[in-house]
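Structural overview
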Amino acid sequence: MFWFILLLLIIGAGFYFYSSMKEVDDEIKESHLHSPPGKVEPDDPVTPDVVVVVEPEVEIGDEPVAGALETEILRLVTTTPGMKQTDLYPHLADVNRKTVQQTVKELADAGRLCREKSGSSYLLYP
């Protein structure tokens, strides 16, 4: 009887995880439908002729401050449009991958980056 209840709990947790991931995937697809890569909107804060000034990296503990990380990500993507998100990780080796992923998603949600799904990664555009 215990194993049956445990099996039901595992199946329920799996279904919950699947539905949560499906919502995230749908949200990402929806954001890509509204902003195709390479298209620059008039009110877009990042345009191709903008010069990005890199702030010195300020660290608190082991993680850089979010503003410096965002600036560094934008600098890397601006210098190499269409780079894979996985190619960012070696450039930001001192930053946790989850932090980089979250920051890239926040930049994309704010309209400062465009992410295009490519296999198991994303192509990033300014």
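Before reading further, recall that the structure is shown in the block above.
Not measured: the values here are computed from a predicted model.

What counts as what
The numbers attached to residues start from 1 for each chain and follow its sequence in the written order. Only residues with pLDDT of 70 or above have their local features reported here, since the model is predicted, and side-chain atom pairs are shown and tallied only from 80 upward, although totals for entire chains, interfaces and linings are computed over all residues. Only hydrogens and water are set aside when side-chain values are computed; all heavy atoms of the structure are taken into account. For two strands to be treated as a pair, DSSP must find no fewer than two bridges joining them. In this description a helix means any DSSP run of H or I spanning at least four residues, a strand means any run of E spanning at least two, and both kinds are numbered starting from the N terminus. For salt bridges, the criterion is a side-chain nitrogen of Lys or Arg within 4 Å of an Asp or Glu carboxyl oxygen. Partly exposed describes any residue whose relative accessible area lies between the buried limit of under 20% and the exposed limit of over 50%, with all areas from a 1.4 Å probe on protein chains only and scaled to the type maximum. Side-chain rings of Phe, Tyr and Trp (the six-membered ring for Trp) are treated as a pair once their centres are within 6.5 Å; stacked means planes under 30 degrees apart, edge-to-face means over 60, and tilted covers the remaining angles. The criterion is that NZ of a Lys, or CZ of an Arg, lies within 6 Å of the ring centre and within 35 degrees of the ring normal, and then a charge sits over that ring. The patches reported here contain residues having more than 30% relative accessible area and no salt bridge. Joining distances are 9 Å for like charges and 5 Å for nonpolar side chains (Val, Leu, Ile, Met, Phe, Trp, Tyr). The accessible surface values rely on the Shrake-Rupley method and a 1.4 Å probe; as for residues, cover is taken only from the protein chains in view.

**Observations concerning the sheet that holds strand E4 (residues 114-118)**
- Taken in spatial order, the three strands line up as E3-E5-E4 in an open sheet, and their pairing is antiparallel. Every other strand in the sheet has two partners, leaving strand E3 (83-84) and E4 as the edge strands with one partner each.
- The pairing of E4 with strand E5 (residues 121-125) spans five bridges and is antiparallel. The residue of E5 that forms the bridge with Arg-115 is Leu-124.

**Considering the pattern of salt bridges**
- All told, the structure shown has five salt bridges when counted by the stated rule.
- Across the salt bridge formed by Arg-75 and Glu-72, the nearest N and O atoms sit 2.6 Å from each other. Here Glu-72 and Arg-75 lie together in helix H2 (residues 66-79), a separation of three residues that amounts to about one turn.
- Relative accessible area serves as the criterion here: at 28%, Arg-75 is assigned to the partly exposed category.

**Brief notes about the packing of aromatic side chains**
- Evaluated as defined, the whole model comprises one aromatic pair.
- A ring pair is formed by Phe-2 and Trp-3, whose centres lie 5.5 Å apart and whose planes are at 70°; its orientation type is edge-to-face.
- We classify Phe-2 as exposed; its relative accessible area is 57%.
- On the accessibility criterion, Trp-3 (64% relative accessible area) is exposed.
- Its guanidinium or amino end placed over the ring of Tyr-122, Arg-115 lies 3.9 Å from that ring's centre, counting from NZ or CZ.

**Quick look at a nonpolar patch on the surface**
- A contiguous nonpolar surface patch, about 580 Å² in accessible area, is contributed by Met-1, Phe-4, Ile-5, Leu-8 and Leu-9.
- Structurally, Leu-9 can be placed in helix H1 (residues 2-34).
- Residue classification places Leu-9 among the exposed positions, given a relative accessible area of 57%.

**Remarks on the environment of Pro-126**
- Inspection of the secondary structure puts Pro-126 in the segment after E5.
- Taking the C-alpha atoms as reference points, Pro-126 and Leu-107, 19 residues apart in sequence, are found 9.9 Å from one another.

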